[in-house]
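# Understanding the architecture of this molecule
Each chain, letter by letter, is given below.
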Amino acid sequence: MIKIFKNLWTEKKTVLAIILLLMVQAYCDLMLPNYTSDIVDVGIMQKGIEYVSPDAMSEENYGRFFNLLLYVTEDDGSNGMISDRYVLLESSYTYDKQERIYVLNDFGKQNREKLDDYLLSAMMTAVEEVSAPNFEGQEISESVVLQQAYALAAQEHARAGIDAEEYQMKYLLKTGGVMLLYAVVGMAAAIFIGLLSARCGARIGRRLRNQVFHKVVDFSNNEINHFSTASLITRSTNDIQQVQMVSTMFLRMVLYAPIVGIGGIIMVSRTKTGLGWIIVVAVIAILCLIGSLVAVANPKFKIMQTLVDKLNLVSREVLTGLSVIRAFSREEYEEKRFAGANGELMKTQLFTNRVMNFMMPGMMLIMNAISVSIVWFGAKGVDLGNLQVGDLMAFITYTMMIVMSFLMITMMSIMLPRAGVAAGRIEEVMTLKSSIADKEEPVVLSEEKCKGILCFDNVSFRYEGADENALTHISFTAEPGKTTAIIGSTGCGKSTLLHLIPRFYDVTEGKITIDGVDLRDAKLSSLRDMIGFVPQKGVLFSGTIASNLKFAGGHVTDAQMTEAAKIAQATEFIEEKTDGYDSSIAQGGSNVSGGQKQRLSIARAIAKQPKIYLFDDSFSALDYKTDVALRRALKEKTKDATVLIVAQRISTILHADQIIVLEDGNIEGIGTHEELLASCEAYREIAGSQLSESELKGGGKA
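Just so it is clear, the model here is predicted, and its values are computed rather than measured.

As a further point, take the sheet that holds strand β6 (residues 483-488). Pairing within the open sheet is mixed, and its six strands lie in the order β9-β12-β13-β6-β14-β15. Strands at the two margins of the open sheet, each flanked by one partner only, are β9 (531-534) and β15 (666-671). Geometrically, the sheet is characterised by an average inter-axis angle of 15° between neighbouring strands, direction not taken into account. Pairing of β6 with strand β13 (residues 642-646), which is carried by four bridges, proceeds in the parallel orientation. Paired with Ile486 across the strands is Val646, a residue of β13. Along the sheet face, helix α21 (residues 594-608) touches β9 and β12 (612-616) and points at about 180° away from the line of β9. Strands in contact with helix α25 (residues 681-690) are β6, β14 (658-663) and β15; relative to β14, the strand with the most contacts, it is inclined by about 100°.

The subject of this paragraph is the sheet that holds strand β7 (residues 509-514). Pairing between sheet strands relies on hydrogen bonds along the backbone, with the strands arranged either parallel or antiparallel. The strand order β5-β4-β7-β8 describes an open sheet built from four strands, whose pairing is antiparallel. Bordering the open sheet on either side are β5 (471-478) and β8 (517-518), each of which pairs with just one other strand. In this sheet, β5 lies alongside strand β4 (residues 454-461) in antiparallel orientation, the contact comprising five bridges. By the bridge assignment for β5, Phe456 is matched with Phe476.

This part takes up helix α1 (residues 2-9). Among all positions of α1, only Ile4, Asn7 and Leu8 are buried. In a view along the axis of α1, the buried residues occupy a sector of 100°, so they form one face of it. Opposite the buried face of α1, at more than 90 degrees from it, the exposed residues are Ile2 and Trp9.

Take unusual backbone geometry next. Positive phi, close to 55°, is recorded for Asn458, a residue that is not glycine. Along the chain, Asn458 falls in strand β4. Non-glycine residue Asp617 carries a positive phi angle of around 50°.

Taken N-terminus to C-terminus, the directions of helix α7 (residues 164-218) and helix α9 (residues 229-254) make an angle of 155°; their axes are 8 Å apart at the nearest point. On the basis of their axis angle, the class for α7 and α9 is roughly antiparallel. For the element pair α7 and α9, the recorded crossing hand is right-handed. Classifying every residue of the contact of α7 with α9 gives 13 nonpolar, eight polar and two charged.

Time to look at the pattern of salt bridges. Following the criterion strictly, the structure yields 20 salt bridges and no others. A salt bridge links Glu428 to Arg235; its shortest N-O distance comes to 3.2 Å. Remark: Arg235 occurs in helix α9 and Glu428 occurs in helix α15 (residues 389-431); sequence separation between them is 193 residues. The class of Arg235 is buried, set by a relative accessible area of 8%. Ionic pairing is found between Arg684 and Glu681, a salt bridge with its closest N-O pair at 2.5 Å. With Arg684 and Glu681 both in helix α25 and three residues apart, the pair spans about one turn of that helix. Members of the salt-bridge network, linked through shared partners, are Glu317, Glu334 and Arg337.

Residues Leu251 and Ile370 are the most contacted members of the largest nonpolar core, which totals 74 residues. Among the elements that take part in this core, α15 stands out by supplying 18 residues, more than any other. Leave out the neighbours within four places in its chain, and Ile370 touches Ile278, Ala282, Thr399, Met400 and Val403. Formed by 49 residues, the second largest nonpolar core is a distinct cluster that contains Ala564, Phe615, Ala647 and Tyr683.

So, how was this worked out
- Residues numbered from 1 in each chain as written.
- Predicted model: local features only at pLDDT ≥ 70, side-chain atom pairs only at ≥ 80, totals over all residues.
- Heavy atoms only, no water.
- Pairing = 2+ DSSP bridges.
- Helix = DSSP H or I, 4+ residues; strand = E, 2+ residues; numbered from the N terminus.
- Axes fitted to C-alpha atoms, helices over the stretch in contact; angles between N-to-C directions.
- Contact = heavy atoms within 4.5 Å.
- Buried < 20%, exposed > 50% of the residue type's maximum accessible area, 1.4 Å probe, protein only.
- Arc of directions from axis to C-beta.
- Parallel < 35°, antiparallel > 145°, perpendicular 65-115°, else oblique.
- Left-handed = near helix turned anticlockwise from the far one by under 90°.
- Nonpolar A, V, L, I, M, F, W, Y, C, P; charged D, E, K, R; others polar.
- Salt bridge = Lys/Arg side-chain N within 4 Å of Asp/Glu carboxyl O.
- Core = buried A, V, L, I, M, F, W, Y, C linked by side-chain atoms within 4.5 Å.

What follows is the structure, encoded as structure tokens:
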């Protein structure tokens, strides 16, 4: 919950506006039952008569009312109030034309209610004195006297010639109009709340996706491996979607619930029904139900998100490796593996759903029990004359509003635990500090001044969690205008060595420098601007051939792009396409062959025109003829740059200025092809496995 609040705090202005609108909506909703009660009690039962004091009365009853106030024991000026406020109309008479009429001047609701209190007090005193001898020991009901007072007011209206039906209809229309106004305002507030909460949730989702994306982009390979790609995808999509949805629902429902609940309790306390204990019992029962169910289900929500990760991992592996699965006829095995991950997730979801399914029937049981209790005890109050029907209706409505507010929270309690877990998983990504980052004052490498002298000084590297070094005490220098090749058996650390240069990982011991500047002191962006990297597996992005070749940025011109494609021997197949450089590339480059993908990857690096070229076994998918032509063209293009090539084929690196032989992370030999044939046993074994005797003697030429 705290993490969700942190996300909502970023939209505090919108949240504040929503809270104000929620208060408006709640006020409107809470006022409606009162007016419903008034329509029943006043509009129907009392024929629209709101006050005990009549609007008009005959001269005879004016005197009686005046004398009735003598029963008020305190000297509070009540007689003066009635004599001052009722005005004799000389030209008006009662229906029989025998008595003149006194009309009440409108002097405000507060004073009218005060006058009513005087009259009721006087009537109660009079009734008690008159009834005392006959009803000794029995309490006179105030509600009975009140109804008699309204009846007297109705009689006076009739004597004064006031049309009862018109009077009643006027009250009903006025009260109904006010109710309609409250309903319209409440509806408008609800619409704006829905719009603002949806906008707020969407903005939170957008912000979280941006933050997670930028954070992941800055991660080193260590952090990526810590979470796994499948988990990061889940956290960036499913988890953020959970937080976004719950944020919207929270603003719309959870904030509204306590406002209505507290307001309902306040309004219920004003009804004076004596049934408040029912609400207390209901609230305790609801809290116990919610607490017990959430306590059981919450641990499973954490497991559920982990199982979603697992399912995504299996799905991703199956979809990316579909051709291999078919080639080995392992469809049935993979189906079982997917079914297993899917089944685990289903079981957990079923458990949580079954637990939460108890909530709605439990809430309905409590609500029905409340309704029955209110009707049962309320009916007794109505029968005894202590409670009016309208008040009972209002009490039931307010009670249902209170219970419904808890029901809203209950519905959210099903979603909040899972959203809390999702927010925690997002927070893990956001708080994880990347192991590779710029220093406070990094050295900015200048493209104009950079020469590209690359030096490994006693470098050792160990993967996080590994027991042994992947590279140990590596030292060499790669200079501009020269090609440095790295060769060795599979798993000896060739690619790892190359990945240290753009700082995909940082060295464990020693240092790597460019023109004497330690890579760890250099600004990452400026370092990587110096490097043109071609990965072992060609990676293309959805778009066009042109957008992929210009991936380095807007500074790559069409002429540079065309030149790069020509050097990479890609021009032929590009020009064969109908749209040429504007031909589309599918996601991952799935609509081009492996060799074409590799050539486009090489062309992308060449178009960047970097100071240092890194080729990670980037020629493996090329045929011998294309390989030779590409390297010949590349040599001319990179004559002023530093070139490092990782290769498996001797023919690719045969004429390199410097060949480094790696074996189990150690340098077994450094030199030219001829020097290594004479001095390095490991190199001779590799060369002997790939070249004929005549080629070995002839320096690699058949």
